[in-house]
Amino acid sequence: MLSVHNLVKEFDGLTAVSDLSFTVEPETITGLIGPNGAGKTTTFNMITGHVKPSYGSIHFDGQDITNLRPHQAFHLGIVRTFQIPRPFSGMTVLENLTMVPGNQIGENVWNNWLRRSKVENEELRIQRKAHELLEFLNLSDLNNEFSGNLSGGQLKLLELGRALMSDPKLILLDEPAAGVNPTLLEEIIERIREIHRQGVTFLIIEHNMELVMRLCSSVLVMAEGGILMEGSPEEIRSDPRLIDAFLGGSTSSSDT
Ligand SMILES: Nc1ncnc2c1ncn2[C@@H]1O[C@H](COP(=O)(O)OP(=O)(O)OP(=O)(O)O)[C@@H](O)[C@H]1O
Ligand SMILES: [Mg+2]
């Protein structure tokens with residue numbers, strides 16, 4: 001479903017990602033782990049069009065998406081969450097979901113005039129979907145709360161909700177468990193499982209090994225910009241290279 005070939009990203013002399021190749025099979029949950037600064041978020045940024053690769057190529061569903069803009073990747077069905085959630089703080093939880101671009105017919109004046117009932121139907125559909133998703137994520141009590149007042153864990157769920165508004169094919173989650181308490185972690189694991197059962201493919205960056213072990217069918221380990229190894233969670237866990245990677249010199253400054 002997703003394949004990355006010889007991907008490189010250089011930032012002013014610093015090589016964040018070097019000669020990275022991997023594939024993600026459809027309808028799987030793949031983990032992407034590795035020490036701070038390994039290049040995981042940069043890899044996401046290239047897949048979603050937020051950062052332009054220096055070299056290499058990315059294919060999705062058989063299509064070359066290497067130099068697409070974020071909204072183009074989004075319209076192909078690739079959505080993501082950010083390591084640091086980016087809610088629209090001045091808006092309520094509900095508005096954060098209904099704001100997500102879809103094929104928003106209502107934005108065009110002509111459409112408003114000519115196709116009023118269609119626009120109304122579309123708005124109703126979006127409202128209904130947002131309510132359903134917030135219920136699914138157990139956030140319904142917070143529908144009218146400003147998202148700026150949410151806890152870190154609740155923001156992670158809100159980001160997941162926003163990602164789901166557009167019926168994506170591939171969801172990239174950047175540390176969904178970071179700053180999340182154990183109860184909410186259970187919640188997040190369960191929700192990801194349920195969404196996966198609907199046929200959605202996941203690529204998940206995570207430092208929380210419990211989440212990785214419980215959810216992922218295969219794990220990619222990145223170190224210093226490349227793939228160090230890949231395998232099942234069990235294979236990865238018992239491989240001494242994993243410990244080396246986390247203890248060996250690649251703990252860099254990135255805490256973004
Ligand atoms: N926009 C940028 N400009 C310059 N350097 C960057 C930029 N983005 C990332 N880097 C650098 O690239 C390297 C990889 O960063 P990246 O954020 O991809 O790591 P990561 O694996 O996600 O780490 P973490 O687990 O800490 O989130 C780091 O050295 C980081 O400082
Ligand atoms: Mg990161």
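Above this note sits the structure.
Presented here is a report on the structure given in the accompanying data block. Keep in mind that this is a model prediction, so the values were computed, not measured. (Residues numbered from 1 in each chain as written. Chains lettered and ligands numbered in written order. Predicted model: local features only at pLDDT ≥ 70, side-chain atom pairs only at ≥ 80, totals over all residues.)

Attention now goes to the sheet that holds strand S10 (residues 226-231). Pairing in this open sheet of six strands is mixed, and the strands run S6-S7-S8-S3-S9-S10 from one edge to the other. Only two strands of the sheet have a single neighbouring strand rather than two, namely strand S6 (78-80) and S10. Strand-to-strand twist in this sheet, taken as the mean axis angle between neighbours without regard to direction, amounts to 20°. Along the sheet, helix H1 (residues 40-47) contacts strand S3 (29-33), S6, strand S7 (170-174), strand S8 (201-205) and strand S9 (218-223); its crossing angle with S7, the most-contacted strand, is approximately 150°. (Pairing = 2+ DSSP bridges. Helix = DSSP H or I, 4+ residues; strand = E, 2+ residues; numbered from the N terminus. Axes fitted to C-alpha atoms, helices over the stretch in contact; angles between N-to-C directions. Contact = placed C-beta atoms within 7 Å.)

So, on to unusual backbone geometry. The backbone phi angle of Asn6 is positive, close to 45°, even though this residue is not glycine. Within the element layout of this structure, Asn6 appears in strand S1 (residues 2-11). Backbone geometry places Glu224, a non-glycine residue, at a positive phi of 50°. You can see Glu224 is positioned in the loop between S9 and S10.

Right, let's talk about the sheet that holds strand S4 (residues 55-60) for a bit. If you trace the four strands from one edge of the open sheet to the other, you get S2-S1-S4-S5, paired in antiparallel fashion. Either end of the sheet is taken by a strand with one partner, and the two such strands are strand S2 (14-24) and strand S5 (63-64). As defined by bridge partners, S4 adjoins S5 across two bridges and the pair is classed as antiparallel. Directly across from Phe60, in S5, lies its bridge partner Gln63.

Bringing helix H6 (residues 152-164) into the picture now. Across its 13 residues, H6 extends 19 Å between first and last C-alpha, which sits within 8% of the 18 Å expected from 1.5 Å per residue. Counting buried residues along H6, ten of its 13 residues qualify, which places the element largely inside the surrounding structure. Listed in full, the buried residues belonging to H6 are Gln154, Leu155, Lys156, Leu157, Leu158, Glu159, Leu160, Gly161, Arg162 and Leu164. (Expected span 1.5 Å × (residues − 1). Buried ≥ 20, exposed ≤ 12 C-beta atoms within 10 Å, placed from the backbone.)

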